Amino acid sequence: MLLSIPNVLTKDQVATVMRELGQGAYEDGRVSAGLIARDVKQNLQIKRDAEAAAKCAPMILEALKRSTPFYNVALPNKIHGPIFNRYDVGMTYGSHVDNAIMGEQVAVRSDVSATLFLCEPDTYDGGELVLQEHQSERRIKLPAGHMIVYASTNVHRVEPVRRGSRVAAIFWIQSLVREESKREILFDLNEILDALRKKLDGQEAMALSSIYSNLMRQWAET
């Protein structure tokens, strides 16, 4: 499952976040990496107890609550993050898979990962998020305020930045539905229901909605 979600943040919200992050205290990004990923991670991140993080995180989490596409694809139960990272010239993050369990005080199983881009693509060169899918790769570089959501089991990397700085917010979601294949079925069914809702009569729409709800009852973990 891979979904690009536009305009999670407005332009004004992006400007506010970037202003706060520009004044924030950064540390070596390896402090949040697993043992294997630590060897291939070269970036910076805002300290978790920094004032900038305290101001920006609630704004982003509130935006996620309002995003219907995010809810439909991730079916969020718990969210770890956001962590705000920055890649300056020469920085990169080699191929890795996200840790299965995120968080220290509250454990979050990483079923779904998300990157919220905070810089416009023309302000930096390189820095693409590259997702490996079977025998192919997807190279992703979205406008500021847009987000990419993907399964945490995907091998992925961030290409070296050649000019400027790449700033993003990343977070991990423990889904109500653990298995990716089941989340895909629910997402597809919901998309079909939305597309057909105006064409169906009340009973037909209710029947499809009941199927969705009953599958959620069988598959959801709370």
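Quick caveat: nothing in here was measured; it's all calculated off a predicted structure.

Parameters at a glance
- Residues numbered from 1 in each chain as written.
- Predicted model: local features only at pLDDT ≥ 70, side-chain atom pairs only at ≥ 80, totals over all residues.
- Heavy atoms only, no water.
- Helix = DSSP H or I, 4+ residues; strand = E, 2+ residues; numbered from the N terminus.
- Buried < 20%, exposed > 50% of the residue type's maximum accessible area, 1.4 Å probe, protein only.
- Lys, Arg positive; Asp, Glu negative; His and termini not counted.
- Salt bridge = Lys/Arg side-chain N within 4 Å of Asp/Glu carboxyl O.
- Polar contact = N/O pair within 3.5 Å; in protein donor to acceptor, adjacent residues only side chain to side chain.
- Contact = heavy atoms within 4.5 Å.
- Pairing = 2+ DSSP bridges.
- Axes fitted to C-alpha atoms, helices over the stretch in contact; angles between N-to-C directions.
- Phe/Tyr/Trp six-rings, centres within 6.5 Å; stacked < 30°, edge-to-face > 60°.
- Lys NZ or Arg CZ within 6 Å of the ring centre and 35° of its normal.
- Parallel < 35°, antiparallel > 145°, perpendicular 65-115°, else oblique.
- Left-handed = near helix turned anticlockwise from the far one by under 90°.
- Nonpolar A, V, L, I, M, F, W, Y, C, P; charged D, E, K, R; others polar.
- Expected span 1.5 Å × (residues − 1).
- Arc of directions from axis to C-beta.

### A closer look at the side chain of aspartate 98
- Among the secondary structure elements, aspartate 98 is positioned in the loop between strand 6 (92–96) and strand 7 (101–102).
- Buried charge aspartate 98 goes without a salt bridge, the closest partner of opposite sign being lysine 41 at 8.1 Å.
- Within the structure, the side chain of aspartate 98 is placed 3.3 Å from the side chain of histidine 156, a separation counted as a polar contact.
- Ignoring anything within four residues of it in the chain, the contact list for aspartate 98 reads Ser110, Ser113, Tyr150, Ser152, His156 and Trp172.

### Section: the sheet that holds strand 16 (residues 166–175)
- With antiparallel pairing, the seven strands of this open sheet are ordered in space as 1-13-9-16-5-4-2. The open sheet is flanked by strand 1 (2–5) and strand 2 (26–28), the only strands paired with a single partner. Pairwise comparison of adjacent strand axes, ignoring direction, gives a mean angle of 30° for this sheet.
- Note: strand 2 against strand 4 (residues 44–46), three bridges, orientation antiparallel. Looking at strand 4, one finds that aspartate 28 is bridged to leucine 44.

### Points about the packing of aromatic side chains
- Here the structure, examined in full by the defined rule, presents one aromatic pair.
- Taken together, a centroid distance of 6.4 Å and an interplanar angle of 75° make the contact between phenylalanine 70 and phenylalanine 171 edge-to-face. Of this pair, phenylalanine 70 sits in helix 3 (residues 68–74) while phenylalanine 171 sits in strand 16; the two residues are 101 residues apart in sequence, bridging distant segments of the chain.
- Given a relative accessible area of 2%, phenylalanine 70 falls into the buried group.
- Here arginine 86 stacks its cationic end above the ring of tyrosine 26, 4.4 Å away from the centre of that ring.
- When the ring centre of tyrosine 124 is taken as origin, the NZ or CZ atom of lysine 141, which lies over that ring, is 4.3 Å away.

### Observations concerning the sheet that holds strand 6
- Taken in spatial order, the five strands make up an open sheet running 3-6-14-11-12, and their pairing is antiparallel. The open sheet is flanked by strand 3 (41–42) and strand 12 (136–140), the only strands paired with a single partner.

### Considering the environment of histidine 80
- Tracing the backbone shows histidine 80 in strand 5 (residues 76–87).
- For histidine 80, a relative accessible area of 13% gives the class buried.
- Spatially, the C-alpha atoms of histidine 80 and glutamate 104 are 9.9 Å apart, while their sequence positions differ by 24 residues.
- Ignoring any residue separated from it by four or fewer positions in sequence, one finds histidine 80 in contact with Arg48, Met102, Gly103, Val108, Phe171 and Trp172.

### Structural notes on the pairing of strand 16
- Counting buried residues along strand 16, ten of its ten residues qualify, which places the element largely inside the surrounding structure.
- Across six bridges, the pairing between strand 9 (residues 112–117) and strand 16 is antiparallel. Residue pairing for strand 16: phenylalanine 117 is matched across the bridge by alanine 168.

### Thoughts on the packing of helix 1 (residues 11–22) against helix 2 (residues 51–65)
- The geometry of helix 1 relative to helix 2 is characterised by a closest axis approach of 9 Å and an angle of 160° between their N-to-C directions. Classed by the angle they form, the pair helix 1 and helix 2 counts as roughly antiparallel. Remark: the crossing between helix 1 and helix 2 carries left-handed chirality. On helix 2, the residues touching Gln13, Thr16, Val17, Glu20 and Leu21 of helix 1 are Ala52, Lys55, Cys56 and Met59.
- Here the residues of the contact of helix 1 with helix 2 sort into five nonpolar, two polar and two charged.

### Focus: helix 5 (residues 202–219)
- When the terminal C-alpha atoms of helix 5 are compared, their 26 Å separation across 18 residues agrees well with the 26 Å that a helix rising 1.5 Å per residue should span.
- Among all positions in helix 5, only Ala205, Tyr212, Leu215, Met216 and Trp219 are buried. Relative to the axis of helix 5, the buried residues are bounded by an arc of 105° and lie together on one face. Seen from the open side of helix 5, the exposed residues pointing more than 90 degrees away from its buried face are Gly202, Gln203, Met206, Arg217 and Gln218.
- The inward-facing, buried residues of helix 5 contact helix 4 (180–196).

Geometric values such as these leave the question of function open.
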